[in-house]
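Report on the structure
Chain by chain, the residues:
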Amino acid sequence: MTRRTVFGWAPLREKIVAAELGLNDVTLELAKVAIQRWADGMESSGAMELRLIGLDEGNLVFGEFAPGSEQAATSVTAPRELLDEIDADAQGWQ
């Protein structure tokens, strides 16, 4: 067991999905920040939440959700290797 603090069912579900896929949830959060910062067309106002949905053909699949919503407005994919790149430069990501 790993102790984590989450605020609501949606973040808890995401932590469970990450654990089932063997993904480090801290690295996953850093990847979400990178995606939101550098991806074209991503909502930057904080009006949408980016949540991990799963893996598809080696890619991380995220949904963009309105706060409190369980329906993804859109989906975003990122290569699984993004997590490895973040882990490889852990010092730089601190």
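Just above sits the structure.
Below or above, wherever it landed, is the structure these notes cover. Computed from a predicted structure; not experimentally measured. (Residues numbered from 1 in each chain as written. Predicted model: local features only at pLDDT ≥ 70, side-chain atom pairs only at ≥ 80, totals over all residues. Heavy atoms only, no water.)

Time to look at the nonpolar core. Core analysis: the largest hydrophobic core is formed by 15 residues, its most contacted members being Leu-23, Ile-35, Leu-52, Leu-60, Phe-62 and Leu-82. Where this core is concerned, the elements lending two or more residues are α1 (9–20), α2 (25–38), β1 (49–56), β2 (59–65), β3 (72–79) and α3 (81–88). If sequence neighbours within four positions are ignored, Leu-23 has contacts with Ala-18, Leu-52, Leu-60, Arg-80 and Leu-83. (Core = buried A, V, L, I, M, F, W, Y, C linked by side-chain atoms within 4.5 Å. Buried < 20%, exposed > 50% of the residue type's maximum accessible area, 1.4 Å probe, protein only. Helix = DSSP H or I, 4+ residues; strand = E, 2+ residues; numbered from the N terminus. Contact = heavy atoms within 4.5 Å.)

Here we take up the pattern of salt bridges. The full count for this structure, using the stated rule, is six salt bridges. A salt bridge links Glu-14 to Lys-32, with the shortest nitrogen-to-oxygen separation between them at 2.8 Å. Taken as a pair, Glu-14 in helix α1 and Lys-32 in helix α2 lie far apart in primary sequence, 18 residues in all. Put simply, Lys-32 and Glu-29 hold a salt bridge, and the shortest N to O gap is 3.3 Å. Linking Lys-32 with Glu-29, this pair stays in helix α2, spanning three residues, or about one helical turn. (Salt bridge = Lys/Arg side-chain N within 4 Å of Asp/Glu carboxyl O.)

So, about the sheet that holds β3. Read across the sheet, three strands follow the order β1-β2-β3 without closing on themselves; strand pairing throughout is antiparallel. Every other strand in the sheet has two partners, leaving β1 and β3 as the edge strands with one partner each. Going from strand to strand, the sheet's axes swing by 30° on average, the running direction of each strand aside. In the sheet, β1 pairs with β2 via seven bridges, with the strands oriented antiparallel. (Pairing = 2+ DSSP bridges. Axes fitted to C-alpha atoms, helices over the stretch in contact; angles between N-to-C directions.)

Where α2 contacts α3, the two axes come as close as 9 Å, and the packing angle between them is 105°. By the angle between their axes, α2 is roughly perpendicular relative to α3. Note on element contacts: α3 touches α2 through Leu-82, Leu-83, Ile-86 and Asp-87, opposite Thr-27, Leu-28, Leu-30, Ala-31 and Ile-35. Along the lines of polarity and charge, the residues of the contact of α2 with α3 split into seven nonpolar, one polar and one charged. (Parallel < 35°, antiparallel > 145°, perpendicular 65-115°, else oblique. Nonpolar A, V, L, I, M, F, W, Y, C, P; charged D, E, K, R; others polar.)

Right, let's talk about the pairing of β3 for a bit. On any regular strand, side chains alternate: one points to one face of the sheet, the next to the other face. Looking at chain direction, β2 and β3 are connected through seven bridges and run antiparallel. Within β3, the residue paired with Val-61 across the bridge is Thr-77. What sits between β2 and β3 in their antiparallel hairpin is a turn of six residues, with Gly-68 showing a positive phi close to 85°.

Here we take up the environment of Glu-14. What makes Glu-14 buried here is its relative accessible area of 5%. It is 5.9 Å that separates the C-alpha atoms of Glu-14 and Leu-52, two residues lying 38 residues apart in sequence. Sequence-distant contacts of Glu-14, that is, excluding residues within four places in its chain, are made with Leu-28, Glu-29, Lys-32, Leu-50, Arg-51 and Leu-52.

In this section: the side chain of Asp-25. Here Asp-25 lies in helix α2. On the basis of relative accessibility, which here comes to 11%, the residue Asp-25 falls in the buried class. A polar contact of 2.6 Å, which involves the side chain of Asp-25, links it to the side chain of Arg-4. (Polar contact = N/O pair within 3.5 Å; in protein donor to acceptor, adjacent residues only side chain to side chain.)

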